[in-house]
Amino acid sequence: MRRPLVLLIGLLAAAGLWALPPLLFRARARAQDAGEVARVRVEKAARRLVLLDGNDQPLRVFTGIQLGPNPIGPKHFQGDGRTPEGHYTIDRGNPNSAYHLSLHISYPDAADRAFAQAAGKPPGGDIFLHGQPNFMGPARAPGDWTEGCIALTNSEIEEIWQRVGDGTPIDLMP
């Protein structure tokens, strides 16, 4: 009888540890509008995200970004595992995301919706810049694993969260 009780307590403790990272993390204040960072550029092939000033000069470069499992080419349809390509906007932040902070990208636009509609498929949506899954704590998932989002380390998304406000343009390049 004692062994099952010990196992149950161990399982509950382990489950509680999985829930701790989001409970312990307290999001820093988010940039309210476009400020020092005038534009974000994502270079998919180079696996790079660049924060740019008003003169298109790099302020900060993040390497090793993670994309979906099918990263070559633009996103056309829900479930295609691709990250969009084109010019969009960061339009809102979510501090309570399933991932360590998230910034929403305004995909799909009218052209994306029309393309998908012509093919009789949904365009998809919910494309974000975000950190790693909350259940992982500070660990990083291996490889390309998103559904079309751009994933960064938790510390990287924390910096971006503080510096990139709503209304900031984002260019998603091949």
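These numbers were taken from a predicted model, which means no experiment stands behind them.

A. Structural context of the side chain of Glu 43. Positionally, Glu 43 belongs in strand β1 (residues 39-43). The exposure class assigned to Glu 43 is buried, which follows from its relative accessible area of 14%. At a separation of 2.7 Å, a polar atom in the side chain of Glu 43 contacts the side chain of Arg 41. Not counting residues up to four positions away in its chain, the partners in contact with Glu 43 are Arg 48, Val 50, Ile 65, Met 173 and Pro 174.

B. Representation of the nonpolar core in the model. The biggest cluster of nonpolar side chains holds 24 residues, and the ones touching the most others in it are Leu 49, Ile 105, Leu 129, Ile 150, Ile 160 and Ile 170. Of all the elements in the fold, those that place two or more residues in this core are β1, β2 (48-52), β4 (86-94), β5 (102-105), α3 (154-163) and β8 (168-173). No other element matches the three residues that α3 contributes to this core. Excluding its chain neighbours within four sequence positions, the residues that come into contact with Ile 105 are Tyr 88, Thr 89, Ile 90, Asp 91, Ile 127, Phe 128, Leu 129, Ile 150, Ile 170 and Leu 172.

Conventions adopted
- Residues numbered from 1 in each chain as written.
- Predicted model: local features only at pLDDT ≥ 70, side-chain atom pairs only at ≥ 80, totals over all residues.
- Heavy atoms only, no water.
- Helix = DSSP H or I, 4+ residues; strand = E, 2+ residues; numbered from the N terminus.
- Buried < 20%, exposed > 50% of the residue type's maximum accessible area, 1.4 Å probe, protein only.
- Polar contact = N/O pair within 3.5 Å; in protein donor to acceptor, adjacent residues only side chain to side chain.
- Contact = heavy atoms within 4.5 Å.
- Core = buried A, V, L, I, M, F, W, Y, C linked by side-chain atoms within 4.5 Å.

As far as function goes, none of this settles anything; it's purely spatial.
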